[in-house]
Amino acid sequence: MDRQNFLCWRVALLLLLMPCGLQCMSVHILSEQPVHVIPGSALVLKARIEHGPLEEVSTVTWEREPETGIAPTRVTLATCPGNSFKCVGTRPKVRVNVEQQETTLQINEYSRADGGVYTVTVTDHTGAKTPAQCIVREYEAVNHVSVSINVSHSSLVCGEAWGTDPRFYWLHERATITKTVGNVSPDGATLSVTMTPICGHFTCVVSNKLGYSSATYTAAPCETEGRGTTAAIVCLVLLLLFGGVLAFLLWWYSNAHRQRQAQSQISFQAML
Ligand SMILES: *[C@@H]1O[C@H](CO)[C@@H](O)[C@H](O)[C@H]1NC(C)=O
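We now turn to the structure provided with this report. Bear in mind the structure is a predicted one, so any value in this text is a computation, not a measurement.

1. Some thoughts on the pairing of strand E4 (residues 57-65)
The buried fraction of E4 is high, at seven of nine residues. Of the pairings in the sheet, the one linking E4 to strand E8 (residues 116-124) comprises eight bridges and is antiparallel in character. Of the residues in E8, the one forming a bridge with Val 57 is Asp 124. Pairing geometry for E4 and strand E5 (residues 75-81), over six bridges, is antiparallel. Across the sheet, Arg 64 pairs through a bridge with Val 75, a residue of E5.

The following block contains the structure:
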């Protein structure tokens, strides 16, 4: 290995050890997106700031704009000088702080109007800006649950309109689905029915953090089973009735017999 080659390797190694070199400001919002917030609760967004050894954070700003609209207007929620705890322009509901490598935005009593695209921008000492964005939406309750049947595939499909993070759960005649009734798809929304013929009530329950809602698909009544039970009950009732009548007749007959015997004894004594 000649000397030039060796130098090259050393430079490459140095660059590897210092992957961002001297300019590597980066900002990441530490939340899974989009962020869903329950109205009335607090929205908390944290962002991690990383920079090279020679860089300095001069300002951090938090802004918000509507997610949709023809000309969305951006509002500044807070402007904070780097490494300071004093932010300017904060509103009553808004708290922002900046620490060494982190900045936090907190909005108390979240309402629908607080939804939108949030942007945190870090400006370095040279005036270069590095932004990061995050979508924030309201956490919505489960809405309009429906069950439809796919006749060709013997399956029931459960639908839900716009609730956040819906979880699906199926019931057949108010009991948990067993293998003899059908199989639920991994996402829970589809029930492949294995029972033939399809009968009874199939209920899909959809829930999330705010509650649940359900819908029921009603197939033909489960005939054989239903008729069997009814017949058994009718038989039992008839048997009991018949037994009762028989017992009464026996009692009545023996009573009458005894009375007649007693009467004949009395008349016999009178004759004497
Ligand atoms: C029934 O389900 C199959 C498979 O999931 C699908 O390809 C088909 O389009 C569905 N039919 C109807 C009418 O929804």
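2. With respect to a nonpolar patch on the surface
Nonpolar side chains collect at one region of the surface, where Val 245, Phe 248, Leu 249, Trp 251, Trp 252 and Tyr 253 lie side by side and expose about 720 Å² of accessible area between them. Note on placement: Phe 248 falls in helix H2 (residues 223-271). The partly exposed category is assigned to Phe 248, whose relative accessible area is 48%.

3. A few points about the sheet that holds strand E3 (residues 43-50)
Strand order in the open sheet formed by four strands is E1-E3-E7-E6, and the pairing between neighbours is antiparallel. With partners counted over all chains shown, the strands left at the sheet margins are strand E1 (26-29) and strand E6 (94-98), one partner each. For this sheet the average axis-to-axis angle between neighbouring strands, irrespective of direction, equals 15 degrees. Two elements, E3 and strand E7 (residues 102-107), share six bridges in a ladder whose sense is antiparallel. Residue pairing in the sheet places Val 44 in a bridge with Gln 106 of E7.

4. Some words on the sheet that holds strand E9 (residues 129-138)
Strand order in the open sheet formed by five strands is E2-E9-E8-E4-E5, and the pairing between neighbours is mixed. Where the open sheet ends on each side, the last strands, each with one partner, are strand E2 (35-37) and E5. If you compare each strand with its neighbour and ignore which way they point, the axes differ by 25 degrees on average. For E8 and E9, the ladder comprises eight bridges, and the chain directions are antiparallel. When the sheet's bridge partners are listed, Thr 119 is paired in E9 with Gln 133.

5. Observations regarding the pattern of salt bridges
Evaluation of the coordinates by the stated rule reveals 10 salt bridges. The residue Glu 50 makes a salt bridge to Arg 48 at a minimum N-O spacing of 3.3 Å. By relative accessible area, Glu 50 is classed as partly exposed at 35%. The network of salt bridges with common partners includes Glu 63, Glu 65 and Arg 74.

6. A word on the environment of Arg 112
Looking at where Arg 112 falls in the secondary structure, it is placed in the loop between E7 and E8. Exposure remark for Arg 112: the relative accessible area of 57% places this residue in the exposed category. Counting along the chain gives 75 residues from Arg 112 to Val 37, while the straight-line C-alpha distance between them is 9.2 Å. Beyond its immediate chain neighbours, meaning those up to four positions away, Arg 112 contacts Glu 138 and Glu 140.

7. Here's the deal with the state of the cysteines
All told, the structure shown has three disulfides when counted by the stated rule. Here Cys 199 is linked by a disulfide to Cys 222, with a sulfur-sulfur distance of 2.0 Å. On the sign convention where negative means left-handed, the S-S torsion of about 95 degrees between Cys 199 and Cys 222 marks this disulfide as right-handed. Residue Cys 199 is found in the loop between strand E15 (190-193) and strand E16 (201-208), and its partner Cys 222 is found in the loop between strand E17 (211-218) and H2; the two are separated by 23 residues along the sequence. Owing to a relative accessible area of 11%, Cys 199 belongs among the buried residues under this scheme. Cys 222 sits in the partly exposed class, given a relative accessible area of 22%.

8. Description of the side chain of Glu 138
Its location among the elements puts Glu 138 in strand E9. Residue Glu 138 is classed as buried on the basis of its relative accessible area of 16%.

About the thresholds
- Residues numbered from 1 in each chain as written.
- Predicted model: local features only at pLDDT ≥ 70, side-chain atom pairs only at ≥ 80, totals over all residues.
- Heavy atoms only, no water.
- Buried < 20%, exposed > 50% of the residue type's maximum accessible area, 1.4 Å probe, protein only.
- Helix = DSSP H or I, 4+ residues; strand = E, 2+ residues; numbered from the N terminus.
- Pairing = 2+ DSSP bridges.
- Patch = residues over 30% accessible without salt bridge, like charges linked within 9 Å, V, L, I, M, F, W, Y side chains within 5 Å.
- Areas by Shrake-Rupley, 256 points an atom, 1.4 Å probe, with all protein chains shown as cover.
- Salt bridge = Lys/Arg side-chain N within 4 Å of Asp/Glu carboxyl O.
- Axes fitted to C-alpha atoms, helices over the stretch in contact; angles between N-to-C directions.
- Contact = heavy atoms within 4.5 Å.
- Disulfide = S-S within 2.5 Å.

Structural measurements only, silent on function.
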